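# Residue-level structure breakdown
Here are the chains, one letter per residue:
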Amino acid sequence: MDTRVKAIARVNDFVVKFANVNGSGSASANGLFARAILRMGVPVAARNIFPSNIQGLPTWYEVRVVEAGWRGRRGGVDLMVAMNPQTWERDVAEIEGGGYLFYDSTKPLPPSKFREDVVALGMPLTAICNATYSDPRQRQLFKNIIYLGALSALLGIDPAEIERLLAEQYKGKEALLDSNRQALSLGREHALASFECPIGLAIERRDAVGERIFIDGNSAAALGAVYGGATVAAWYPITPSSSLAESFAKWCRKFRTDSASGEARYAIVQAEDELASIGMVIGAAWNGARAFTATSGPGISLMQEFLGLAYFAEIPAVLFDVQRGSPSTGMPTRTQQADLLSCAYASHGDTKHPMLLPEDPRECFEFGALAFDLADRLQTPVFVMLDLDIGMQDWLCEPLAWDDTHSMDRGKVMTAADLDAGRDFGRYLDVDGDGIAYRTYPGTHASKGSFFTRGTTKDRYARYTEEGHAYVDNVQRLLRKFETAKALVPKPVVTSAAQPTNAGVIWFGSTGGAMAESLAELERQDIHLDRLRIRAFPFDDAIVEFVAAHEHVFVVEQNRDAQLKMLLVNECGIDPAKLTSVLHYDGTPITERFITKEIGEKARLYNVTPLAGGRRKAGGRAA
């Protein structure tokens, strides 16, 4: 290291990245690192980037320390904890100029392995472990805790916070707790004796976390399903959705178990495949239960025919699609937003399905509950579109909130009393023009209100027919129902820029984590954009109005083919020339720097500048 190099010096604002080998036990230590900083009142944004095999391939854990509270990835690395020789060159290349490289110096490395503009912090981790532990597995596992201890000294993290976290993790297991404390102390003492601590990057206590919680979207969505009244789940394991079903089982054991008898008031089935799982969900929902499945893109592909049945027979169902890298098997442990088209139009023929697009775990909880009301009200499958970045990563978000006065919306259900009173029951009869017919639950009445559920064509009274006029009447009613859904799904969030502008930006889902910071950075560059975050499909009319009010609209999404843009053009009749795509699809969560660079370059090309005199284009909104 050239001592003339100016090292980065920042407090509570930097990125630490851990480069490990999958299966080495590093995940626990890396998670402790992030949570210890949170305990010191400093927000973090953490991302685990891991392979789809069980053991042996590279894995990375990125912790963004960000007192300002940004929740997305920034891009770039200020401190690399390089524990994987196989990815050394790649990891070292990622460090910002003036950044830091922490590595195991037990085996000397040639100068060619280092960069002159990076501060190298070598510590003989393997030698320390070999001198302290005789068991090979202990040497591997405690190596992680030793480097955690070293980092606590290098960055000024209070070791007491790590020890408290260890005490919680190993409660009742004193032997394990003591050995972890010893390893933590070994690393910390060695770093204090070897380096000037803290280095230029430092953690200082703040009170910037507040009441926010650190939770992953799959856990939040599963809890939302409980609050939404779900009692049946059928699923087939698939990354990255499996933990959603597992979390639902955990929450059900807590909240759906009769306290007096100990009996389960729920049914969770791990089916033999995705086809069986969605079939079970549809069967349970037809019988009146609130039921769901959790899956990912390949599962959605397999469920297509059953989804067409549920759409045409008008049976409620909820599907949590935790999107991953695609197509085919793709990258099972990488994130994308590439299932929009396959879910919006799932199954063959003319089908359209509502989709909810949560931005963070709090909305995963909110939309996870809402989806069951919507499915019952609309009598149709409803998709909750997560992705791996929301589903499997911990996000810092506001506490989950629930209105205890909320009652489940079961939609149009005809009772035995209604039937006895002489009400006309036609299973596919639209009595008030919203496209939604009344249904009955099986067993509602001994002699009235029964019908045969079919996937073939039928008339308003569920009688089989292939008459063209009856078919057209039925599918046109389904379109009216989809139009009704517009008023029921979450509205888009529309915000004006700080200065009047004729340019805007649209995005959805986990992109919002990096989007908020990018918009602030673009404003510093005097690029002002009105913004609209889409939260559901079918699209609200406000989206059409937003595009019409601007000359240029950027559409940011995480897939190759601009699927959101295609949906907007197809569903809203928008001129595609007005929409400029910003696409990110390498499987890693999108970064602030990527969005800022892509939009910045295009905005300058389009000469996007604030409007003179504070005027907006006709149809726009005043700032």
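We now turn to the structure provided with this report. Model, not experiment: these values are computed from the prediction. (Residues numbered from 1 in each chain as written. Predicted model: local features only at pLDDT ≥ 70, side-chain atom pairs only at ≥ 80, totals over all residues. Heavy atoms only, no water.)

## Overview of the nonpolar core
- By size, the foremost hydrophobic cluster in this structure holds 56 residues, and its most contacted members are Phe 33, Phe 102 and Leu 155.
- Top contributing element to this core by residue count: helix H4 (residues 136-155), with 10 residues.
- In this structure, Phe 33 is in contact with Val 16, Phe 18, Val 63, Leu 148, Leu 151, Leu 155 and Ile 157, ignoring residues within four places of it in sequence.
- If you look at the next biggest cluster of nonpolar residues, it comprises 44 residues, including Ala 234, Ala 285, Leu 319 and Ile 574. (Core = buried A, V, L, I, M, F, W, Y, C linked by side-chain atoms within 4.5 Å. Buried < 20%, exposed > 50% of the residue type's maximum accessible area, 1.4 Å probe, protein only. Helix = DSSP H or I, 4+ residues; strand = E, 2+ residues; numbered from the N terminus. Contact = heavy atoms within 4.5 Å.)

## Things to note about the sheet that holds strand S20 (residues 536-537)
- Pairing is mixed across the open sheet formed by 7 strands, whose spatial order is S11-S10-S12-S13-S15-S14-S20. Both outer strands of the open sheet, strand S11 (267-270) and S20, are each paired with one neighbouring strand and no more.
- With 7 bridges joining them, strand S13 (residues 317-323) and strand S15 (residues 381-387) adopt parallel strand pairing. Directly across from Val 318, in S15, lies its bridge partner Val 382. (Pairing = 2+ DSSP bridges.)

## With respect to helix H5 (residues 159-169)
- Turning to H5, its buried residues are Glu 161, Ile 162, Leu 165 and Leu 166. Projection of H5 onto a plane perpendicular to its axis shows the buried side chains occupying an angular sector of 140 degrees, all on one side.
- On its buried side, H5 packs onto helix H1 (26-39), H4 and helix H6 (174-194).
- At the N-terminal end of H5, a side-chain oxygen is found 2.9 Å from the backbone nitrogen of Ala 160, two or three residues along, and the residue is Asp 158. (Arc of directions from axis to C-beta. Polar contact = N/O pair within 3.5 Å; in protein donor to acceptor, adjacent residues only side chain to side chain.)

## Section: the sheet that holds strand S4 (residues 58-66)
- The mixed open sheet is built from 6 strands, whose spatial order is S3-S4-S2-S5-S6-S7. At either margin of the open sheet sits one strand with a lone partner, and together these are strand S3 (44-49) and strand S7 (119-123). Sheet twist, expressed as the mean angle between neighbouring strand axes with direction ignored, is 15 degrees.
- Alignment of strand S2 (residues 13-21) against S4, held across 9 bridges, turns out to be antiparallel. (Axes fitted to C-alpha atoms, helices over the stretch in contact; angles between N-to-C directions.)

## What about the environment of Gly 411?
- Following the sequence through the fold, Gly 411 ends up in the loop between strand S16 (394-397) and helix H15 (416-420).
- With relative accessibility at 30%, the residue Gly 411 sits in the partly exposed group.
- With 77 residues separating them in the primary sequence, Gly 411 and Arg 334 have C-alpha atoms 38 Å apart.

In short, geometric facts, not functional conclusions.
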